[in-house]
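What follows is the residue order along each chain.
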Amino acid sequence: MSVQEIDGADGIDAIGGIGRRSFVGYVLAGTTLVAAADLTLGAPARAVVPSGPQVAELYDLNDFITDTCRPTANLITITVRTDGTAHFALPRSENGQGIVTSTAMIIAEELDLPVDKVEVTLADARPELLFNQLTGGSTTTTSTYTPIRVAAAVARNALLDAAAVVLGDEAANLVAKGGVIQNRAGDSVTYGELAEAAAVTRPRRSEVTLKDTAAFRVIGTGQGRTDARDAVTGRKTFTTDLEVKGALPTMVCRAPTLNGTPQRLNNKAKILRMPGVKNVAVVDTGVAVRARTFGQCIDAIRAMDVDWNPGPVAGQSDEDIVRELRAAELPMAPVPDNPLAKTVEGDFVFYFRSNSALDTNAAIADVRRDRAEVWSALKTPIAAQAAIAAAVGLPQAAVKVHAVQGGGSFGRRLFFDAALEAAKISKAMGKPVKLMWHRADDARVGRVHPMATSKIRATYLGHQLLAFQQSHTSVETDYRHGLGEMLTAAGASLPAGLGNLGFAEGIFAMTTLLPYDFAVKSQQLVETDERFNTGSMRNIYSPDVRTAGELVIDRLAAATGLSPYEFRRRHLSDERALGVLEAVATAGRWGRAMRPGTAQGIAIHVEYKGATACLVEIDCRPRTTRRKIRAGVGGPRVTRVTFAVDAGLPINPRGLEAQMHGGINDGIAQALTSSMHLRDGHFLEASWDNYFYTRQWNTPPEVQVIVMPPTTGVPGGAGEAGVAASMAAVACAYARATGRMPTHFPINHHDPLRFRPKPFVPPIPPSPVNGLKKTY
């Protein structure tokens, strides 16, 4: 049985003898109804060594994460309470992507309960879940969709059984709707009234049949975010909003070079006499100060006199890292010699990009002699728990880790840097701390998307595509969080980068896919240089890999006398990719007349059990590129975007559309304006005011997102699906508008700096006292 084949069939698979919509679950012991799923039966057979098709066509990252979650699926439970609501502690991290809402919709659908009667919270670290508490790779909904539905269906059946007793009827004669169960005579009873009656004193096996997708009334309909009102009214709670007794504001003075370490604080007595300062401690990442307010922490940091050990990249700049990457590049394998064949080549550089979120890195920690408690926005809370326990010298069971909602992640919160650092500081000071990273900390020593080069050689004969070879060489992408728990995190942390490289190569193979009909396809990854703080920034490798690939596809189109759209239409080997391509070409009016200096660009991407296509229009005319922008940068402007997404079964089309809007802005930023400049061992950018993400002045005035009708019956990934096609389409449009194929990204990286770098000593600027002058 494959849990990804929910297609309404009632047939029986050979493995486990369970129908595709039939599953086994349990009613668990409790004072009110608690239900769980069991997906350990019928796990699909997988090819160990795939051949022929690309790896990601046979077994992608979504498959991998879903399979790792199966053994502990029965530990994820839904509770029906006496007030008629259902509660679910989601073992994932909500950072604005909307999974709390989509999860509530899944439960509401299968349980026949209004969405506003479903409460979804975030689970604390639960080591017994093993791999089943990792948030990443756009896998949350894919991996939890069936377990949650099964648990909800088990709960519904238990309620029907209890109602049959209360109403004196057979369960088959009862109808559940909106949290009420009714018999044919019109007698009814609510879920809340049944919650205790449906409870059991020992686990009970239950076989359930899930709803046919044709019967869905909640899934597939647009739903506003369940937390939207709290978010826009300021009532939503983030880490720094929490009030934990004794946890005072805490910040860290950091080295002037990346990953430098402190030798000594020379004026500790002076710092301790400053207003509001309570504690000072030297830790491995810098010098921490705890005070009554964050402003007093900033004042203390700026007054510190610290001797530093230089960081591992002291004195190095962008060009040094590019040279190192070039030296690490592997040659491409030769293709069969054909004197009539021709080649098209591309060679690209992608510079460092910031992985900071709008909600800055923060954590609260209270470390005592025999226990510890930590609060933070965490996508790998089990791994965080284990690392914190080791760092403070406690058993893992003595460390309680609370996952808090975050304001953005984009891969950043796979790492628990702030939580670990806060625990170390709390132990050193013997006090609870509320640690907040300054914006400059997050930009300069936080996680970045690694710099990379990408070389491509495409061979063709007439209109026949013979070979596509791509060699991607990157600064190491850090996967030392493993699969979110201690064992794989330890494996990924093996010396000399050996363990991490295995993760990198596996994830690269399971996420990069070339959906064109080349006879030979080869995409290889080389990673080098582990001195930087990197991470799996949104969409990981795909934005760079696809941008390079789609630019070369455009060159192939020109070489074969076809338009970029017609070439893709002829040579796409993925039907769903063809569907989204045709959707954007029609809606975006591909081929319409454009003025000189403007152009359309089109690109596609296949990943996360889905497909995306993007058509953009760009304005590269001098009057646009030279426009004056207050506290920003000019340059080309994307004026129109038409985007189509096939996510298999969209759970919440409105949320999916919002995700694509975010991905589009990411793609525009990475193609045109957003990068980190490494100079003399440190990054120059230090906040959002000088890291030029897509802002109001270069957001497209016209954006249309097309959510394709359901195509597979099961949800694909959504959180990262909007980035790669958008970035690639912008790059292709720029090349057509200017007549020059860009070879480095973002295209403005080599332009003169449009900002004055903030100081490195002291490492952060003073607290602003003129905020009103900076408003519009």
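Everything discussed here concerns the structure shown above.
Notes on the structure in this doc start here. Values in this document were obtained by computation on a predicted structure and should not be read as measured data.

Quick word on the overall build of the protein chain
1) Next: Check the secondary structure of the protein chain and you find 20 helices and 31 strands.
2) Next: For 776 residues, the compact-globule estimate of 2.2 N^0.38 gives 28 Å, and the C-alpha radius of gyration of the protein chain, at 27 Å, lies within 12% of that figure.
3) Next: Each principal axis of the C-alpha distribution contributes one length, and for the protein chain these read about 80 × 75 × 50 Å.
4) Next: For the protein chain, with 776 residues in total, the buried portion stands at 61%.
5) Next: Long-range contacts, defined as pairs at least 24 residues apart, comprise 78% of the intrachain contacts of the protein chain with a sequence gap of at least 6.
6) Next: In the structure as shown, the protein chain presents an accessible area of about 29,900 Å², 53% of it carried by carbon and sulfur atoms.
7) Next: Of the charged side chains in the protein chain, 83 are positive and 77 negative; the average position of the first set lies 8 Å away from that of the second.

A look at the packing of aromatic side chains
To describe a pair of aromatic rings, you give the distance between the ring centres and the angle between the ring planes.
1) Next: Scanning the entire structure with this criterion turns up nine aromatic pairs.
2) Next: Geometrically, the ring pair formed by Phe350 and Phe745 is stacked, given 5.3 Å between the ring centres and 15 degrees between the ring planes. Here the residue Phe350 occupies a position in strand S15 (residues 342-350), and Phe745 occupies one in strand S31 (residues 744-745), the gap between them amounting to 395 residues.
3) Next: The class for Phe745 is buried, based on a relative accessible area of 1%.
4) Next: Among the aromatic residues, ring-to-ring pairing joins Phe352, Phe532 and Phe683 into one connected group.

Here's the deal with the pairing of strand S18 (residues 372-376)
1) Next: For S18, a buried count of four out of five residues is recorded, marking the element as mostly surrounded by other parts of the structure.
2) Next: Of the strand pairs in this sheet, strand S17 (residues 362-367) and S18 are connected by four bridges, and their pairing is antiparallel. By the bridge assignment, Asp366 is partnered in S18 with Glu373.
3) Next: Here S17 folds back onto S18, and the loop between the two strands holds four residues.
4) Next: Of the pairings in the sheet, the one linking S18 to strand S19 (residues 399-403) comprises five bridges and is parallel in character. Across the sheet, the residue bridging to Ser376 is Ala403, located in S19.
5) Next: Tracing the backbone out of S18, into helix H10 (residues 381-392) and back to the parallel element S19 gives a crossover that is right-handed.

What counts and what doesn't
Residues numbered from 1 in each chain as written. Predicted model: local features only at pLDDT ≥ 70, side-chain atom pairs only at ≥ 80, totals over all residues. Heavy atoms only, no water. Helix = DSSP H or I, 4+ residues; strand = E, 2+ residues; numbered from the N terminus. Rg over C-alpha atoms; globule rule 2.2 N^0.38 Å. Buried < 20%, exposed > 50% of the residue type's maximum accessible area, 1.4 Å probe, protein only. Contact = heavy atoms within 4.5 Å. Areas by Shrake-Rupley, 256 points an atom, 1.4 Å probe, with all protein chains shown as cover. Lys, Arg positive; Asp, Glu negative; His and termini not counted. Charge placed at Lys NZ, Arg CZ, Asp CG, Glu CD. Phe/Tyr/Trp six-rings, centres within 6.5 Å; stacked < 30°, edge-to-face > 60°. Pairing = 2+ DSSP bridges. Right-handed = clockwise from strand over helix to strand, strands pointing away.

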